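# Working through the structure, step by step
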Amino acid sequence: MLLIPCPWCGPRDETEFHYGGQAHVAYPADPGALTDEEWARYLFFRDNPEGAFAERWSHAAGCRRWFNAVRDTATNRIHAVYRPGEPRPVTG
Amino acid sequence: MTRAAAGGRIDRSRVLRFRFDGRDLTGHPGDTLASALLAAGVRRVATSVRFGRPRGIFSAGPEEPNAIVQIEEPFPEPMLTATTVELYDGLVARGLSGRGRLADRPDPARYDAVHAHCDVLVVGAGPAGLSAARAAAADGARVIVADEQPEPGGVLLGLPGGVPPGSLAPPGAVPSGSLGLSGALPLVSGESAGPPGAEWAAATAAELSRLPEVRVLPRTTVVGHYDGNHLVAVERRTAHLGAAAPAWMARERVWRIRARRVVLATGAHERPIAFAGNDLPGVMLAGAARTYANRYAVLPGRRAVVFTTDDAAYAAALDLAGAGVRILAVADARPGPNGRWRERVREHGIEVLAGGVVAEARGTGEVTSVVTGDGREFEADLLLVSGGWNPVVHLFCQVGGTVRFDDGLQAFVPDTPPPAVEVAGAARGLTSLHDCLADGAAAGTRAAEALGGGGSRAGTGRPGTGRDRQAGGGSPERRGGVRRAADGAPQANGHALWLVPADDCSTHFVDLQRDVTVADIRRATGAGLRSVEHVKRHTTAGTAHDQGKTSGTLVPAIVAGELGVHVREVGVTSFRPPYTPVSFAALAGRDRGALHDPVRVTPMHGWHVERGAVFENAGQWKRPRYYPREGEDMAAAVLRECRAVRGGAGAMDVSTLGKIEVRGPDAAGFLDRLYTNLMGTLRPGSIRYGVMCRADGMVFDDGTVIRLAEDRFLATTTTGNAAAVLDWMEEWLQTEWPSLRVYCTSVTEQWATVALAGPAARDVLSGLAPRLAADAADFPFMTWRDTEVAGMPARVCRISFSGELAYEINVGAWHGPALWSAVLDTGRVTPYGTEAMHVLRAEKGYPIIGQDTDGTVTPADLGMEWMISKKKADFVGRRSLTRADTVRRDRRHLVGLLPEDPGLLIPEGTQLVEHERLPAPPVRSLGHVTSSYLGAGLGRTFALALVSGGRDRIGDRIFAVLDGGQAPVAVASPVLYDPEGARRDG
Amino acid sequence: MAEGAPETGPETGPGTVAGAGRAVRRSPLGGFAPVAGERVRMAETPFLAQVDVRADPLGEAAAGLAAALGTPLPVRPGTYTGPVTGYPPCSVFWLGPDKWLVVGAEGGTPQEGGPPGGGAAAGGSGPPGGSGTLGGGAAAGGSGPSGGSGAPGESGLAARLRAAAGDGHAAVTDVSAQRTVIRLAGPAARDVLAHGCPLDLHPRVFGPGTCARSTLARADVLLAAGEDEEFQIFVRSSFAAYLWAWLLDAATEYLR
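Residues numbered from 1 in each chain as written. Chains lettered and ligands numbered in written order. Predicted model: local features only at pLDDT ≥ 70, side-chain atom pairs only at ≥ 80, totals over all residues. Heavy atoms only, no water.

### A closer look at the domain arrangement of chain B
Here is the rule we go by: These domain limits were set by an automatic method or by a database of domain assignments.
You can read the domains of chain B as domain 1 (16–95), domain 2 (107–268 + 391–487 + 576–594), domain 3 (498–565), domain 4 (605–656 + 750–841), domain 5 (658–749) and domain 6 (887–986). Inter-centroid distance (C-alpha atoms) of domain 1 of chain B to domain 6 of chain B is 63 Å.

Laid out in structure tokens, this is it:
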């Protein structure tokens, strides 16, 4: 079970968190202006890398804040956590 | 009897009675079932699963592949290893062939779980583990030591000494004895320079237990090692007490441990060698035989041959010889056996066959003779085997550690450790007691140092992250591998012998429990399998209890031999939890019966129970489904409740609906972005029905929105989605629209809510709330008022889910029971449950999200185009509603269905088709029935259904596919009752 | 039926209170007998005033609240302040970076402000939130048929905090009945909690003054540590009976 460092509450068990999928997939500014294909890309397409992946988590059973984490999908190690709106940090 | 008159760690002053395979036998405290059986002379314990061959006791620990038993009394438990069952009075067991038997009655024992946190978790209380724990704890760190045995010591318990349990050595004294794994000359019986190992272990564990921050857990097997150093262990607390187990005490306890650092001191398993008949009772791992002789004072045979590839078996041979077993010969497969060992056994008159092997164990039912490679046949009832040692890397690999093949040891040893994990002692490939003690201490010290200068500052208390986590397990040169001893002598002395070749390898077993032989492996590789994972799945070798404990290295090595490659190229199969079998009862813990899942109840629950309500589960909520009266079945009760609402007044406890206060200057704009319709134009004092979609345009939830003030709304949700809607709102606010000044607060349980519905509802309400102007003009549909009801501050909303004149009365939850009683005490109101509510709403065509929808339904599919605002620039899901797929004319629409037989109730889920007679498959489904009831208002049965192009089929005759034929139904509008809404608006 | 509701059911005990001539109140664990073992003690603290406060910790509303409370809103995660005196005695629990729970001694309607008939102070020393004196009841509720900023029957504490927050962007919401409080105390209290809570409850990690939202068994809770091995467990009212039953079961070996 992952130990996830909530930016506010510190490390807590994964069971307290809710997974939110890939980070930095912004809701389009004007969905109405998008083609079907562009909208489908927003709606249905996500990356699935082996290695570092920026993803969203919510500390659902704790402070209830959303945040982003860079997790290595191969080792499950979390290299960084940061708040929504912040750029993805450079991780090693 | 084969029990020695003295020695061993058993308590001869007490006799335990037990029964095995129908025979009444005895043993002593300190025995396992296996040692007691051996002591009683029982050789055949089980029968093999595929070939029905007799099997005996092969090992002395959890690696046992043969002696699989069924416990019958005091409570049935299947497939335990006799070598790990502590003997107790009244035990009844039998040997198994394959599967065991699950109990057919509920287990009366308690099971529980506990969360634990520590700075250092040490797995294993053998010499390395205890040394590690002592070093780690020296600076005040929070340490947990978990060990599978009833007493600490691990391999030390099997060394000579014969010290009775409970005797303590002075703390700090260094134990003597040989692990029997070493190339160095061991100390054997009577040659102890220090306190015997078991005595030292007991003293060290006692010393540790006295430290306030240290917890020593005996009888506790760590079965899983997961990310972030989360480890799961199972503690067996009362099984060894048999019927005397106290009822208050959990029989087993699951420990969920979060450790900042872990020291794996998990030891090593001795490995068998594949030769003909290597499964017969009487063939035993050499180290196990040594343990039986020293720890249990049991002689597993009278006349023995030893077959070894290393020095370990020599110590076993000497101990057994000392105990009275006649050792006929040592067949040492190495061309040049260790000279010092050779001399020692020769002093005892034991012949050493250099470069010798055992070709076959012979006998019917058990070993009666042993044939060596040179053709000599020894009359023997015991054959000790040592094919080398496999470090126990199960936990290490589960959490992501990698292994490499060590040529010195001829086994896979830890290589790259996962973060914050140390491996110490035999688990790392070390073979001498002295080295294991030193290695454990070093690992413990490193673990404590990595915590940042000692663990006494447990104020951090939390498992490490960041730098601490990245630190890895020690310096590179220490990672894994077999060290050289201080004197430079190679410590490992493994010799690569995996099987003794023969034409017929059909009794050369590599996995005794699964009856897998070298012949099976050859068939697998002959069929073209190259991966050891594929061979495992094809042959089942290494599955079940074994998990590579005795078959590890052996199977890959034989596969490698067949493929003509080195074993390192074949590698090992994946190690997955659990290390040893875990009972389902332990995993369930106290989450069973009434505590299986939370039962959520409303403030009025006690009343519902008292009045005999029949409940249904709505998520975790218990909701009254109906309130049967004397002699009523469900249909009768629901019909009565429906008629009461249609003809008079009914009351329903709707406190479970989700309620969210949305407050802030941007609250209206926020809701406009989430609901499909406009909320910003709602006036304070008014209420509007709303629907929410996910971004894919599919309906997610619905409910009413109450505008309390310019900057304040109360949104209600369905019972099941209350948490999900709040999460949805928070997600958008926090991640996409942080600039919106809006706060959302759940008030679901702040309020108790009673729905009061029916033509008489206004009268009843007026009587309870004399200060409320309740006339239709003063209090119109879709408005709300704050007032007092029955003397309680209340908010009354005029909304309807039944199609009748109706109100929802909200009071503080503490007043819920009082409000409910006040409403019913008017004597004019019938309580109704969720089933009547479903019928009433369905007659009106109101969908239930999650029943009439399934995540593939748009608002338009529900006939709610009118709910989709044309005025708003956007709302979540809007763009999806113009995708090609969502504008198809043949999408499934929510429609009503009227069976031609007005008494026919079509089951929910029934498929709908066009044809009266089913054509040959495939048959196109038009859709399915989502809700189906007997309608009180309609006076007949009816249904709601999702039907392809349904709104264009209104009036059509289609067919419901039922058992026994198709039933004709007419497609209708979903609004079947009072379509003008006159009753609701009255 | 205009003369108030009848007193229903066999409701006596700490969780049931008849206000002065008013309707009977019932707490989620009303009727559940307190547990008083040597190593574990357990009782409901019913009818506390609980107010959910949302505000920017650096904003005007937070400043107004701090001034009124006489102490800043705690900003360190996992901590609480209180009980503070000089205001309606209350404690302030950190729930999130812009979210607090203010807990006073007595919830309920302002109109109902009489001393509780054996309600709030059921056994043992007072919880951090309850100094034993009456907190609610003094202020006018501000609610009414016209729909002011409060809710009908809301606690006086909520009304006063809302007034203190002023015109700044904040949400002050009465949630007194949303959760109830189970007080768990005694030398084995931590052991009982550890059976179902993933937090590290070591006294040096989770000592007096700390609080955390987490899970206990299968319920979400706010857990707060007080002095003398006493914990307050805030649990959603609908989960209270389940959690009580779970705690009783988990305490079995410490109650024998």
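### Thoughts on empty space enclosed by the protein
Residue and element names in this part refer to chain B. What counts, and what does not: Using only the protein atoms, space was sampled on a 1 Å grid; points where a 1.4 Å probe fits but cannot get out form cavities, open sets with protein on both sides within 12 Å along at least five of seven lines form pockets, and lining residues are those with an atom within 4 Å of a point. Grid points are joined across faces, edges and corners, and a volume is the space filled by probe spheres set on the points. A helix here means a DSSP run of H or I that spans at least four residues, while a strand means a run of E at least two residues long, and both kinds are numbered starting from the N terminus. In this classification, Asp, Glu, Lys and Arg are treated as charged, Ala, Val, Leu, Ile, Met, Phe, Trp, Tyr, Cys and Pro as nonpolar, and every other residue, Gly included, as polar.
Tallied over the full model, the rule gives 15 cavities of 30 Å³ or more. In this model, the second largest cavity occupies a volume close to 270 Å³. Lining the second largest cavity are 22 residues, with Gly548, Gly552, Thr553, Thr573 and Phe575 sitting closest to its centre. Among the elements of the structure, β23 (389–391), α11 (532–539) and α12 (554–563) are those that each provide at least two residues to the lining of the second largest cavity. Residues belonging to the lining of the second largest cavity are distributed by class as follows: nine nonpolar, 11 polar and two charged.

### Notes on the UniProt feature "domain: SoxA A3" (unreviewed entry) in chain B
For clarity, the cut-off: UniProt positions are given in the numbering used here, feature names are shortened, and annotations may be inferred rather than shown by experiment.
With numbering aligned to this structure, UniProt lists the feature "domain: SoxA A3" (unreviewed entry) at residues 508–590 of chain B. Helix makes up 43% of residues 508–590 of chain B and strand 6%, and the two end C-alpha atoms of the span are 45 Å apart.

### Section: the interface of chain B and chain C
Note: interface size is frequently given as the accessible area lost on complex formation between the parts. For the record, the criterion: Residue contacts follow a heavy-atom distance rule, with two residues in contact if any of their heavy atoms lie within 4.5 Å. Note on terms: buried area is the combined drop in 1.4 Å-probe accessible area of two parts once they are placed together, counting the loss on both. Salt bridge criterion: a side-chain nitrogen from Lys or Arg within 4 Å of a carboxyl oxygen from Asp or Glu.
The interface is formed by 67 residues belonging to chain B together with 69 residues belonging to chain C. Taken together, both faces of the contact between chain B and chain C bury some 5700 Å²; the carbon and sulfur share is 54%. Broken down residue by residue, the surface that chain B buries against chain C is led by B:Trp248, B:Tyr743 and B:Trp814, which jointly contribute 17%. Remark: the boundary between chain B and chain C carries nine salt bridges. For the side of chain B that touches chain C, the element with the most residues is strand β8 (residues 110–123) of chain B, which contributes six residues. Taken together, the residues that form the side of chain B that touches chain C break down as 28 nonpolar, 17 polar and 22 charged.

### Concerning the interface of chain C and chain A
How we decide: Within 3.5 Å is the distance limit for a polar contact, defined as a pair of N or O atoms, with the added protein rule that one can donate a hydrogen and the other accept it, and that residues adjacent in sequence qualify only through two side-chain atoms.
Contacts between the two partners involve 14 residues from chain C, matched on the other side by 10 residues from chain A. Contact between chain C and chain A buries roughly 900 Å² in total, counting both sides, with carbon and sulfur atoms accounting for 55%. Counting the surface chain C buries against chain A, the share from its top three residues, C:Pro97, C:Pro198 and C:Arg213, is 44%. Linking chain C with chain A are one salt bridge, by the criterion used here. For the salt bridge of C:Asp98 with A:Arg65, the shortest nitrogen-to-oxygen distance reads 3.4 Å. Our count for the chain C to chain A interface comes out at four residue pairs in polar contact (both at pLDDT 80 or more).

### Considering the pattern of salt bridges
Here is the rule we go by: Burial classes: relative accessible area under 20% of the type maximum marks a residue as buried, over 50% as exposed, and values in between as partly exposed (1.4 Å probe, protein chains only).
Under the criterion given, the structure shown has 79 salt bridges over all chains. B:Arg523 is the salt-bridge partner of B:Asp520, the closest N and O atoms lying 2.6 Å from each other. Linking B:Asp520 with B:Arg523, this pair stays in helix α10 (residues 518–526), spanning three residues, or about one helical turn. Looking at B:Arg523, the relative accessible area reads 53%, which means it is exposed. Overlapping salt bridges, with partners in common, bring together B:Asp112, B:Glu235, B:Arg237, B:Arg253 and C:Glu253 in one network.

### Observations concerning the packing of aromatic side chains
Centre distance and the angle of the planes are the two values used to describe a pair of aromatic rings. Which entries qualify depends on this criterion: Pairing of aromatic rings covers Phe, Tyr and the six-membered ring of Trp, with a centre-to-centre limit of 6.5 Å; geometry is then stacked below 30 degrees between planes, edge-to-face above 60, and tilted otherwise. Here, a charge over a ring means that NZ of Lys or CZ of Arg falls within 6 Å of the ring centre while also lying within 35 degrees of the ring normal.
By the definition in use, this model includes 26 aromatic pairs over all chains. Ring centres of B:Phe700 and B:Trp728 lie 5.5 Å apart, and the angle between their planes is 65 degrees; on these two criteria the pair is classed as edge-to-face. On the criterion of sequence distance, the pair formed by B:Phe700 in strand β34 (residues 699–709) and B:Trp728 in helix α18 (residues 722–736) is long-range, its members being 28 residues apart. The pair formed by B:Phe700 and B:Trp728 is uniform in burial state, with each residue classed as buried. Through successive ring pairs, a cluster of aromatic residues spans A:Tyr27, A:Trp39, A:Tyr42, B:Phe670, B:Phe700, B:Trp728, B:Trp732 and B:Trp737. Its guanidinium or amino end placed over the ring of B:Phe509, B:Arg55 lies 4.8 Å from that ring's centre, counting from NZ or CZ. Across from the ring centre of B:Trp737, 4.8 Å away, lies the NZ or CZ of B:Arg673, which sits over that ring.

### Observations concerning the sheet that holds strand β5 (residues 49–55) of chain C
All names here are of chain C. Basically, it comes down to this: Strand pairing is defined by DSSP finding a minimum of two bridges between the two strands. Each axis is a line fitted through C-alpha atoms, taken for helices only over the stretch in contact, and angles between the N-to-C directions span 0 to 180 degrees.
Taken in spatial order, the five strands make up an open sheet running β6-β7-β8-β5-β9, and their pairing is antiparallel. Each edge of the open sheet carries a strand with a single partner, namely β6 (80–84) and β9 (170–174). Across the sheet, the axes of successive neighbouring strands diverge by a mean angle of 20 degrees, strand direction being ignored. Here six bridges tie strand β7 (residues 90–96) to strand β8 (residues 99–104), and the two strands are oriented antiparallel to one another. Counterpart to Ser91 in the pairing with β8 is Val103. Along the sheet face, helix α1 (residues 60–69) touches β5, β6, β7 and β9 and points at about 145 degrees away from the line of β5.

### What about the sheet that holds strand β5 (residues 66–72) of chain A?
In spatial order, the strands read β3-β4-β5-β6 (chain A); together these four strands make up an open sheet with antiparallel pairing. Strand pairing shows two members of the sheet lacking a second neighbour, β3 (18–22) and β6 (78–82) of chain A, which therefore form its edges. Each strand axis lies, on average, 30 degrees off the axis of its neighbour in the sheet, ignoring direction. Running at roughly 75 degrees to β5(A), α18(B) makes contact with β4 (52–58) and β5 of chain A of the sheet.

### Considerations on helix α1 (residues 36–44) of chain A
For an α-helix the count is 3.6 residues per turn, leaving residues at separations of three or four pointing the same way. Defined as follows: In this description, the arc belongs to the directions extending from the helix axis to the C-beta atoms.
Turning to α1(A), its buried residues are A:Trp39, A:Ala40, A:Tyr42 and A:Leu43. Take α1(A) and look down its axis: the buried residues cluster within an arc of 160 degrees, on one side only. Packing partners of the buried residues in α1(A) comprise α18 of chain B.

### Regarding the pairing of strand β29 (residues 614–618) of chain B
Pairing analysis gives five bridges linking β29(B) to strand β30 (residues 621–626) of chain B, with the strands arranged antiparallel. Residue pairing in the sheet places B:Phe615 in a bridge with B:Pro624 of β30(B).

### As for the UniProt feature "domain: GCVT N-terminal" (unreviewed entry) in chain B
The positions UniProt marks with the feature "domain: GCVT N-terminal" (unreviewed entry) are residues 604–872 of chain B. Helix makes up 26% of residues 604–872 of chain B and strand 29%. Its end C-alpha atoms lie 41 Å apart.

### What to know about the packing of helix α2 (residues 127–137) of chain B against helix α3 (residues 197–209) of chain B
Packed helices, taken two at a time, are described by the angle their axes make and the gap between the axes. All names here are of chain B. Note the following rule: Roughly parallel means an angle under 35 degrees; roughly antiparallel, over 145; roughly perpendicular, 65 to 115; everything else is oblique. Throughout, a crossing is termed right-handed when the near helix is turned clockwise from the far one, and left-handed when it is turned anticlockwise from it by less than a right angle.
Contact geometry for α2 and α3: axes closest at 10 Å, N-to-C directions at 30 degrees. As summarised for this structure, α2 and α3 are arranged roughly parallel, according to the angle between their axes. Read as a crossing pair, α2 and α3 show a hand that is left-handed. Here α2 contributes Pro127, Leu130, Ser131, Ala133, Arg134 and Ala137 to the contact with α3, which in turn contributes Trp200, Ala201, Thr204, Ala205, Glu207 and Leu208. Classifying every residue of the contact of α2 with α3 gives eight nonpolar, two polar and two charged.

### As for the environment of B:Val969
Residues and elements named next belong to chain B. Inspection of the secondary structure puts Val969 in strand β47 (residues 965–972). Considered as a pair, Val969 and Ile958 are 11 residues apart in the sequence and their alpha carbons are 5.5 Å apart. Aside from chain neighbours lying at most four places away, what touches Val969 is Leu897, Leu898, Pro899, Glu900, Ile906, Asp956, Arg957, Ile958, Phe959 and Ala960.

### Looking at the side chain of C:His195
On the secondary structure map, C:His195 appears in the loop between α3 (189–194) and β11 (211–216). Looking at C:His195, its side chain comes within polar contact range of the side chain of B:Asp112, at 3.5 Å. Contact partners of C:His195, with chain neighbours within four places excluded, come to B:Asp112, B:Ala113, B:Val114, B:His115, B:Arg253, B:Arg590, C:Trp246, C:Ala250, C:Glu253 and C:Tyr254.

### A short note on the nonpolar core
Rule in force here: The set of buried Ala, Val, Leu, Ile, Met, Phe, Trp, Tyr and Cys residues whose side-chain atoms join them within 4.5 Å is what this entry labels a nonpolar core.
Within the largest apolar cluster, 77 residues are counted, with the highest numbers of intra-cluster contacts made by B:Leu33, B:Phe275, B:Tyr292, B:Phe307 and B:Leu383. If one sorts the elements of this core by residue count, helix α5 (residues 312–323) of chain B sits on top with seven residues. Each of two domains, domain 1 (16–95) and domain 3 (498–565) of chain B, supplies a minimum of three residues to this core. Ignoring any residue separated from it by four or fewer positions in sequence, one finds B:Phe275 in contact with B:Val283, B:Phe307, B:Val358, B:Ala359, B:Glu360, B:Ala361, B:Leu383, B:Val385, B:Val500, B:Thr507, B:His508 and B:Phe509. Within the second largest apolar cluster, 35 residues are counted, among which are B:Leu595, C:Leu199, C:Phe206 and C:Ala251.

### What to know about the packing of α10(B) against α11(B)
Residue and element names in this part refer to chain B. The interhelical angle for the contact between α10 and α11, taken along N-to-C directions, is 120 degrees, at an axis separation of 10 Å. One way to sum up the angle between α10 and α11 is to call them oblique. Handedness of the crossing formed by α10 with α11: right-handed. Packed against α10, whose contacting residues are Asp520, Ile521 and Ala524, the element α11 presents Val535, His538 and Thr539 at the interface.

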